[in-house]
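Breakdown of the fold
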Amino acid sequence: MKTKIFAGLAGLGIVILTAGCVGTVADTHSAALSWGQDSVYGRYDRSVDQVYQASVQVVQTDGTLITEYVPHDNTNSVRSLYGKVNDRNVWIRVEGIDPQVTQVTVQARSKWGTKDLDLVHELEKEIALQLAR
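Residues numbered from 1 in each chain as written. Predicted model: local features only at pLDDT ≥ 70, side-chain atom pairs only at ≥ 80, totals over all residues. Heavy atoms only, no water.

**Some words on the overall build of the chain**
- Scanning the chain from terminus to terminus reveals 3 helices and 7 strands.
- Starting at the N terminus, the α and β elements of the chain follow one another as α-β-β-β-α-β-β-β-β-α.
- About 7,900 Å² of surface is accessible on the chain, with carbon and sulfur atoms providing 56% of the total. (Helix = DSSP H or I, 4+ residues; strand = E, 2+ residues; numbered from the N terminus. Areas by Shrake-Rupley, 256 points an atom, 1.4 Å probe, with all protein chains shown as cover.)

Structural data, given as structure tokens:
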């Protein structure tokens, strides 16, 4: 009985030690249980407005758009959005690298804070396909 209680407390301690907060690509914070790469970026020869509108369209098609915003500590060439796709939290950041090139960064995590790279790759590809139309 004592070993079961000790094992349970040890397991709980490990979960508490490994849990934490991570920064999102939209300059916010989210709870996380795993660290490492959880975002993918792509660069396109399009304006910030075109890439941002494609990103909004993809999130609205695949899930629910929750928030759109311009981070306060950046110029107007950076826009971000937050949504839910397949019960995952999704953050997308669109920023102008130069007048002809725009970078989009996509990040996704589950409600438990685990990363979902398959969804991230899928959304980034869908944004590229939306821009090709």
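**A look at the environment of Arg-93**
- Positionally, Arg-93 belongs in strand S6 (residues 88-98).
- The class of Arg-93 is buried, set by a relative accessible area of 10%.
- Counting along the chain gives 14 residues from Arg-93 to Arg-79, while the straight-line C-alpha distance between them is 5.9 Å. (Buried < 20%, exposed > 50% of the residue type's maximum accessible area, 1.4 Å probe, protein only.)

**A short note on the pairing of strand S7 (residues 101-110)**
- Among the 10 residues that make up S7, 10 are buried, leaving the element largely enclosed by the rest of the structure.
- Burial along S7 is two-sided: Val-101, Gln-103, Thr-105, Gln-107 and Arg-109 and Thr-102, Val-104, Val-106, Ala-108 and Ser-110, pointing in opposite directions, are all buried.
- Where strand S3 (residues 39-44) lies against S7, 6 bridges are found, and the strand directions are antiparallel. Pairing of Arg-43 across the sheet is with Gln-103, part of S7.
- Between S6 and S7, which pair antiparallel one after the other, the connecting turn spans 2 residues. (Pairing = 2+ DSSP bridges.)

**Quick notes on the nonpolar core**
- Formed by 23 residues in total, the largest nonpolar core has its most connected members in Val-90, Ile-92, Val-104, Val-106 and Ile-127.
- Mapped by element, the contributors of at least two residues to this core are S3, helix H2 (48-62), strand S5 (78-85), S6, S7 and helix H3 (117-132).
- It is H2 that contributes the most residues to this core, 7 residues altogether.
- Those residues in contact with Ile-127, other than ones at most four positions away along the chain, are Tyr-44, Ala-54, Ser-55, Val-58, Ile-92, Val-104 and Val-106. (Core = buried A, V, L, I, M, F, W, Y, C linked by side-chain atoms within 4.5 Å. Contact = heavy atoms within 4.5 Å.)

**Here's the deal with the environment of Leu-129**
- With respect to the helices and strands, Leu-129 occurs in helix H3.
- In this structure the C-alpha to C-alpha distance between Leu-129 and Val-58, which are 71 residues apart in sequence, comes to 9.6 Å.

**Focus on the pattern of salt bridges**
- If you walk through the whole model with that rule in mind, you get 2 salt bridges.
- Of the charged contacts, one joins Asp-49 and Arg-79 as a salt bridge, the two residues approaching to 2.7 Å between their closest N and O atoms. With Asp-49 in helix H2 and Arg-79 in strand S5, this pair connects stretches of sequence that are 30 residues apart.
- Overall, the relative accessible area of 23% leaves Arg-79 in the partly exposed class.
- Across the pair Glu-95 and Arg-93 runs a salt bridge, and its minimum N-O distance is 3.4 Å. (Salt bridge = Lys/Arg side-chain N within 4 Å of Asp/Glu carboxyl O.)

**What about the packing of H2 against H3?**
- Running from N to C, H2 and H3 point in directions that differ by 120°, and their axes come no closer than 9 Å. By the angle between their axes, H2 is oblique relative to H3. Where H2 crosses over H3, the two elements pack in a sense that is right-handed. Across from Gln-50, Val-51, Ala-54, Ser-55, Gln-57, Val-58 and Asp-62 in H2, the residues of H3 making contact are Leu-123, Glu-126, Ile-127, Gln-130 and Leu-131. (Axes fitted to C-alpha atoms, helices over the stretch in contact; angles between N-to-C directions. Parallel < 35°, antiparallel > 145°, perpendicular 65-115°, else oblique. Left-handed = near helix turned anticlockwise from the far one by under 90°.)

**Some words on the packing of aromatic side chains**
- Per the counting criterion, the structure on display carries 1 aromatic pair.
- Sitting over the ring of Tyr-52, Arg-79 keeps its end group 5.4 Å from the ring centre. (Phe/Tyr/Trp six-rings, centres within 6.5 Å; stacked < 30°, edge-to-face > 60°. Lys NZ or Arg CZ within 6 Å of the ring centre and 35° of its normal.)

By themselves, these figures tell us nothing about what the structure is for.
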